[in-house]
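# Topology and contacts: notes
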Amino acid sequence: MEAVAAQKTQAFSLFAARRLVVKIGSALLVDAASGQLRADWLRALAEDVAVAKARGVDVVLVSSGAIALGRRALRLPEGTLALEQSQAAAAVGQIRLARAYEEVLAPHGITTAQVLVTLEDTADRRRYLNTRATMETLLGLGVVPIVNENDTVATDEIRYGDNDRLGAQIAITIGADRLALLSDVDGLYTANPFTDPAAQRLDLVAQLTPEIEAMAGDPVSGLSKGGMKTKIMAARTATAGGCAMVIALGSVMRPLSAIENGAPCTWFAPQGDPQAARKRWIAAMKPRGSLRVDAGALAALRAGKSLLPAGVVAVGGRFGRGEPVALEGPDGAVFGLGLVRYTAEEARAIRGRRSGEIEALLGYPGRAALVHRDDMVI
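Residues numbered from 1 in each chain as written. Predicted model: local features only at pLDDT ≥ 70, side-chain atom pairs only at ≥ 80, totals over all residues. Heavy atoms only, no water.

### Details of the state of the cysteines
Inspection of every chain in the model, using the stated rule, returns zero disulfides. As a non-bridged cysteine, C265 has C243 as the owner of its nearest cysteine sulfur, 14 Å distant. Classification of C265 by relative accessible area gives buried; the value is 0%. (Disulfide = S-S within 2.5 Å. Buried < 20%, exposed > 50% of the residue type's maximum accessible area, 1.4 Å probe, protein only.)

What follows is the structure, encoded as structure tokens:
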């Protein structure tokens, strides 16, 4: 098949990534029979995270397991839970899950943070930017965020429903260049390997085609919600955003090192660069207003700087936080587009002023930049 390489590719490395997102399913983290955390496995994973961090890689863990841990603590029955039972189990389990990660990563000198999101947080532009800003700050401080869907408040219409797609969305949100889906299978097969002995694993998917998508089957694990279909959906999101994705067996000790050392897996090739993909996304938006800048700010923006309030001389239109605005030079000519971090009213209040004055002008501390350099296209 044209989309599949015959030989295993060595072109991708997890530990050489700039930013790595690792998705961990419930079936890997929680023993199905006892409902207890697989502590030895988690400690081994922490060693891998420490290796990646030591090599300068930003690491984000998208982890299931809260409901599985919580239902055991609450002695809830086996099988499908009612929504309110799932939310209660998540509330109890999230504490245990966060503590478990903190305990295994702290000995390596790694600080952890819990980040809970819903589909609305990435579908709504303002929430998306807030999530992105928080994640950027955490990563800049060397923290390893532990991300999970906020099952305590999420209902069906605002759920991802599986952490494969959540992992892909987080990868795009933070501009990651690698996404690892640790699974109960060691890659994408031409058929379900659990039922078809003739099924063959694909080492590399260079491009997602209808033929590739048709190979996806249904979930095989009793704890995991996601099957191969959700992984293919995740691959489509991740690769379109310039992020390489790998599906690999996660149950082995130190699974990230295993991938790095050539363990069987399936890589999905990225379609371009993460930052370029984000810039294309922004460039396609219709501006809701405008920010006119002075000559000094124009030069700074063209040099790759963020737009500060001090460089803005005029604000046009009505827009909310996170909405696209046209960037105009001193002569009124549009030279770029960006996602603004303030409303039009707030932007008018702080234009021409120093960032240190924002709190006094607005009554609350705000972000230093009106438009961050990562949120603009010049």
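### Re unusual backbone geometry
If you check the backbone angles, R75 has positive phi at about 55° while not being a glycine. Of note, R75 is situated in the loop between α3 (66-73) and α4 (83-105). The backbone of R254 shows a phi angle near 50°, a positive value even though the residue is not glycine. Tracing the backbone shows R254 in the loop between β7 (244-249) and α10 (255-260). Among the residues examined, R254 registers a relative accessible area of 27% and is labelled partly exposed. (Helix = DSSP H or I, 4+ residues; strand = E, 2+ residues; numbered from the N terminus.)

### Digging into the sheet that holds strand β12 (residues 334-339)
Here five strands make up an open sheet; going across it, the order is β10-β9-β11-β12-β13 and the pairing mixed. The two strands at the open ends of the sheet, each matched to only one other strand, are β10 (312-317) and β13 (376-377). As paired strands, strand β11 (residues 324-328) and β12 are joined by five bridges and run antiparallel to one another. Counted as the bridge partner of P324 is L339 from β12. Those strands touched by helix α12 (residues 295-302) are β9 (289-293), β12 and β13, and its axis lies near 105° from that of β9. (Pairing = 2+ DSSP bridges. Contact = heavy atoms within 4.5 Å. Axes fitted to C-alpha atoms, helices over the stretch in contact; angles between N-to-C directions.)

### Regarding the confidence of the model for the chain
In the predicted model, the chain carries a mean pLDDT of 87, and 91% of its residues have values of at least 70. The low-confidence segment residues 1-10, where pLDDT is below 50, has 22 contacts with residues more than four positions distant or belonging to other chains. Below a pLDDT of 50 lies the segment residues 218-226, which in the model reaches 24 contacts outside its immediate sequence neighbourhood of four places, other chains included. (pLDDT = per-residue confidence, 0-100.)

### Notes on the layout of surface pockets
Reported here for the second largest pocket is a volume of approximately 390 Å³. Lining of the second largest pocket is provided by 21 residues; of these, L129, N130, A133, R341 and R367 occupy positions nearest its centre. Element by element, the count of residues in the lining of the second largest pocket is highest for helix α6 (residues 125-140), at seven residues. Here the residues of the lining of the second largest pocket are counted per class, giving six nonpolar, five polar and 10 charged. (1 Å grid on protein atoms, 1.4 Å probe; cavity = no way out; pocket = protein on both sides within 12 Å on 5 of 7 lines; lining within 4 Å. Points joined across faces, edges and corners; volume = space filled by probe spheres on them. Nonpolar A, V, L, I, M, F, W, Y, C, P; charged D, E, K, R; others polar.)

### A word on α6
Helix length check: α6, at 16 residues, gives a terminal C-alpha distance of 22 Å against a target of 22 Å (1.5 Å per residue), a fit within 8%. Within α6 the residues assigned to the buried category are Y128, L129, T131, R132, A133, M135, L138 and L139. At the C-terminal side of α6, G142 shows a positive phi close to 85°. (Expected span 1.5 Å × (residues − 1).)

### Considerations on helix α2 (residues 39-54)
Along its 16 residues, α2 runs 23 Å from first to last C-alpha, staying within 8% of the 22 Å computed at 1.5 Å per residue. For α2, the full list of buried residues reads W41, L42, A44, L45, A46, D48, V49, A50 and A52. Of the residues flanking the end of α2, it is G56, one or two places downstream, whose phi is positive at about 85°.

### With respect to the pairing of β11
Counting buried residues in β11 gives five out of five residues, a clear majority hidden from the surface. Inspection of the sheet shows β9 paired to β11 by four bridges, in the parallel sense. Residue G289 lies in a different strand from β11, and its bridge partner there is V325.

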